[in-house]
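What follows is the residue order along each chain.
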Amino acid sequence: MIMQNYVGCDISKQWVDFFDEASGRFRQIDNQADAIAAYVAGLCPGRDFVVMEATGVHDRLLRHALAKAGIAFSRHNPAHTHHYAKSTRRRAKTDRLDARMLSDYGRRYQPEAEPAPCEQGERLQSLARHRDHLVDMRTTAKKHLAEAFEAIVITSLEETIAHFDTRIKALESLIANVIRQNQDTARDHALMVSVPGVSKVGALSLLAHLPELGQRSPKSIAALAGLAPFDNKSGKLNRRSQIQGGRSRVRRALYMAALSAIRTCDRFKKFYTDLAARSGSKKLAIIAVARKLLVVLNAIIRDKTAFA
């Protein structure tokens, strides 16, 4: 049996720092495709396991190189690894120390390997994020328009909003083409919009930002979206359970879908009404509907059957 070797990896925009557990050696390379490919070529599939923090786009080149070479890897929430570092009483912080800490973190928790990155999924995520950014800028312009009184300012803002409308519409058309080009993605999108309250844009957000949908348990998928309630009890303290963490963009999409589902579907409306009456909190009931929608969507994608 091959002994697993955990390689810690600290990533920044310019550099990638590695610590190899087996040899005890550090190495810093440029965060560039050629340098990364050369380093990864020296790793051993089945033996080496790379542990890194989730760093947005900065870890993309490394993830693709590792997947291409058949090297297992996992990414972790920086908040979790930070708390682990504090638990070891380490006060100093450098890139080399962070790389070593991540190697120790891998040895301690022995995480599961992540699936290989999907280029089509990453493209969809990039387009969805850009659409969200344009929508946010349009919303800001609309707020400024509501407060404007000078004619030239009003005209300028109206032109800006019209420009954003055109760009968003064109981007949505491009996104629709990307979805149609992949048979599995097109099927999953169609299954999602069969659920009451889930719009085409909401389904896009879930496809882009929650690729684990249909692959996790109901509790696990709810935790990823930040819709799993966590207990807050200690001694005589007994506070109401609260949701926390998770992916905010997914949670917003599900919250909006829940509002729509409550208005348009008797099944979800009754669930909401009964829970709001019992709990005395409409917001809690809406969040519960959002979680129920997520569980339904998870089952639908898992089983490949439309909502009934």
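Within each chain, residues carry numbers counting from 1 in the order of the written sequence. This being a predicted model, a pLDDT of at least 70 is required before a residue's local features are given, and a value of 80 or more before pairs of side-chain atoms are given or counted; all residues contribute to the totals for chains, interfaces and linings. Hydrogens and waters are ignored; side-chain quantities use all the structure's heavy atoms.

Asks: What is the right way to read the overall build of the protein chain from this model?
Replies: Each helix is a run of DSSP H or I of at least 4 residues and each strand a run of E of at least 2, with the numbering of both proceeding from the N terminus. Scanning the protein chain from terminus to terminus reveals twelve helices and seven strands. Each of the three principal axes of the protein chain carries a C-alpha extent, and together these read 60 × 55 × 45 Å. The contact rule is simple, with two residues in contact once any of their heavy atoms fall within 4.5 Å. In the protein chain, the share of contacts with a sequence separation of at least 24, taken over all contacts with a separation of at least 6, comes to 62%. Each accessible area value is a Shrake-Rupley result obtained with a 1.4 Å probe; residue values ignore everything except the protein chains displayed when judging cover. Counting every atom, the protein chain has about 18,200 Å² of accessible surface; 52% of that belongs to carbon and sulfur. Measuring between centres, the 49 positive side-chain charges of the protein chain sit 8 Å from its 31 negative side-chain charges. Within this scheme the basic residues Lys and Arg register as positive and the acidic residues Asp and Glu register as negative, but His and the chain ends are omitted. Here the site of a charge means NZ on Lys, CZ on Arg, CG on Asp, or CD on Glu.

Asks: Would you mind showing me how to read the packing of aromatic side chains here?
Replies: For any pair of aromatic rings, the description rests on two quantities: the centre-to-centre distance and the angle between the ring planes. Pairing of aromatic side chains requires ring centres within 6.5 Å, counting the rings of Phe and Tyr and the six-membered ring of Trp. Pairs whose planes differ by under 30 degrees are stacked, by over 60 edge-to-face, and all others tilted. Within the structure shown, the criterion is met by seven aromatic pairs. Taking the centre distance of 4.8 Å and the plane angle of 50° together, the rings of Tyr-105 and Tyr-109 count as tilted. Taken together, the positions of Tyr-105 and Tyr-109, both in helix 4 (residues 95–109) and four residues apart, correspond to about one turn of that helix. On the accessibility criterion, Tyr-105 (9% relative accessible area) is buried. Residue exposure (1.4 Å probe, protein chains only): buried if accessible area is under 20% of the type maximum, exposed if over 50%, otherwise partly exposed. By relative accessible area, which is 45% here, Tyr-109 ends up partly exposed. Taken together, a centroid distance of 6.3 Å and an interplanar angle of 25° make the contact between Phe-268 and Phe-307 stacked. Of this pair, Phe-268 sits in helix 11 (residues 266–279) while Phe-307 sits in the segment after helix 12 (282–303), placing them 39 residues apart in sequence. Taken together, the ring pairs in this structure connect Tyr-84, Tyr-105 and Tyr-109 into an aromatic cluster. The rule for a charge over a ring is simple: NZ of Lys or CZ of Arg within 6 Å of the ring centre, and within 35 degrees of the ring normal. The cationic tip of Arg-96 hangs over the ring face of Phe-26; the distance from NZ or CZ to the ring centre is 4.2 Å. Across the ring face of Phe-268, the terminal group of Arg-267 is positioned such that the distance to the ring centre comes to 5.6 Å.

Asks: Looking at this structure, how should I read the UniProt feature "domain: Transposase IS110-like N-terminal" (unreviewed entry) in the protein chain?
Replies: Residues annotated in UniProt with the feature "domain: Transposase IS110-like N-terminal" (unreviewed entry) correspond here to residues 29–151. For residues 29–151, helix accounts for 59% and strand for 11%, while the C-alpha atoms at its two ends are 55 Å apart. UniProt positions are given in the numbering used here, feature names are shortened, and annotations may be inferred rather than shown by experiment.

Asks: I'm lost on the environment of Thr-305 in this one. Help?
Replies: Checked against the element boundaries, Thr-305 lands in the segment after helix 12. Since its relative accessible area comes to 43%, Thr-305 is described here as partly exposed. Through-space distance from the C-alpha of Thr-305 to that of Met-192 is 9.8 Å; in sequence the pair is 113 residues apart.

Asks: Can you help me understand the pattern of salt bridges in this one?
Replies: If charged atoms from side chains of opposite charge come close, those side chains can pair. Each salt bridge in this description consists of a side-chain nitrogen of Lys or Arg and a carboxyl oxygen of Asp or Glu lying within 4 Å of one another. Counted according to the given criterion, the structure contains 16 salt bridges. Of the charged contacts, one joins Asp-165 and Arg-138 as a salt bridge, the two residues approaching to 2.8 Å between their closest N and O atoms. With Asp-165 in helix 6 (residues 151–181) and Arg-138 in helix 5 (residues 119–147), the pair connects residues that are 27 residues apart, well separated along the chain. Each of Asp-59, Arg-60, Arg-63, Arg-75, Glu-114 and Glu-122 takes part in one network of salt bridges that share partners.

Asks: Please explain the nonpolar core as it appears in this structure.
Replies: When a protein is soluble and globular, its nonpolar side chains tend to lie buried together. The definition of a nonpolar core used throughout is a set of buried Ala, Val, Leu, Ile, Met, Phe, Trp, Tyr and Cys residues joined through side-chain atoms within 4.5 Å. In this structure, Leu-124, Met-192, Leu-213, Leu-254, Leu-294 and Leu-297 are the most contacted members of the largest nonpolar core, which totals 49 residues. Elements with a contribution of two residues or more to this core: helix 5, helix 6, helix 7 (183–193), helix 8 (200–209), helix 9 (218–225), helix 10 (248–264), helix 11 and helix 12. Ranked by residues supplied to this core, first place goes to helix 12 with twelve residues. Not counting chain neighbours up to four residues away, the residues in contact with Met-192 comprise Val-198, Ala-203, Leu-206, Leu-207, Leu-213, Leu-297 and Ile-301. By size, the runner-up hydrophobic cluster in this structure holds 17 residues, among which are Cys-9, Ile-11, Ile-29 and Leu-43.

Asks: Would you explain the environment of Ala-223 in this entry?
Replies: Of note, Ala-223 is situated in helix 9. Taking C-alpha positions, Ala-223 is 17 Å from Glu-114, a pair spaced 109 residues apart along the chain.

Asks: Quick question: what am I supposed to make of helix 12 here?
Replies: Side chains three or four residues apart in an α-helix point the same way, a direct result of the helix having 3.6 residues per turn. Over its 22 residues, helix 12 runs 32 Å from end to end, which matches the ideal 32 Å to within 8%, given 1.5 Å per residue. Backbone geometry just downstream of helix 12 places Lys-304 in the positive-phi region, at approximately 60°. Given the number of residues in a helix, its expected span is that number minus one, multiplied by 1.5 Å.

Asks: Any chance you could explain unusual backbone geometry here in plain terms?
Replies: For residues other than glycine, phi is negative in most cases, and the peptide bonds are mostly trans. Even without a glycine there, the phi angle at Gln-110 is positive, about 45°. Along the chain, Gln-110 turns up in the loop between helix 4 and helix 5.

Asks: How do you make sense of the confidence of the model for the protein chain when you look at a structure like this?
Replies: Atom-level detail of predicted coordinates should not be read off regions where pLDDT is low. Within the protein chain, residue pLDDT values average 88, and 93% of them lie at 70 or more. For every residue, the predictor reports its confidence as pLDDT, a number between 0 and 100. Per-element confidence in the protein chain is highest for helix 1 (residues 33–40), whose mean pLDDT is 94, and lowest for strand 6 (residues 230–234), whose mean pLDDT is 54.

Asks: Even after reading the chapter, I still don't get helix 11, so can you show me in this structure?
Replies: In this model, helix 11 (14 residues) spans 20 Å end to end at C-alpha, consistent with the 20 Å of a helix rising 1.5 Å per residue. For helix 11, the full list of buried residues reads Phe-268, Tyr-272, Leu-275 and Ala-276. The arc enclosing the buried residues of helix 11, seen along the axis, measures out at 100°, which places them on a common side. Facing away from the buried side of helix 11 by more than 90 degrees, the exposed set consists of Asp-266, Lys-270, Ala-277 and Arg-278. Note on helix 11: the residue one or two positions beyond its end, Gly-280, has a positive phi of about 75°. The arc in question is the one traced by the directions running from the helix axis out to the C-beta atoms.

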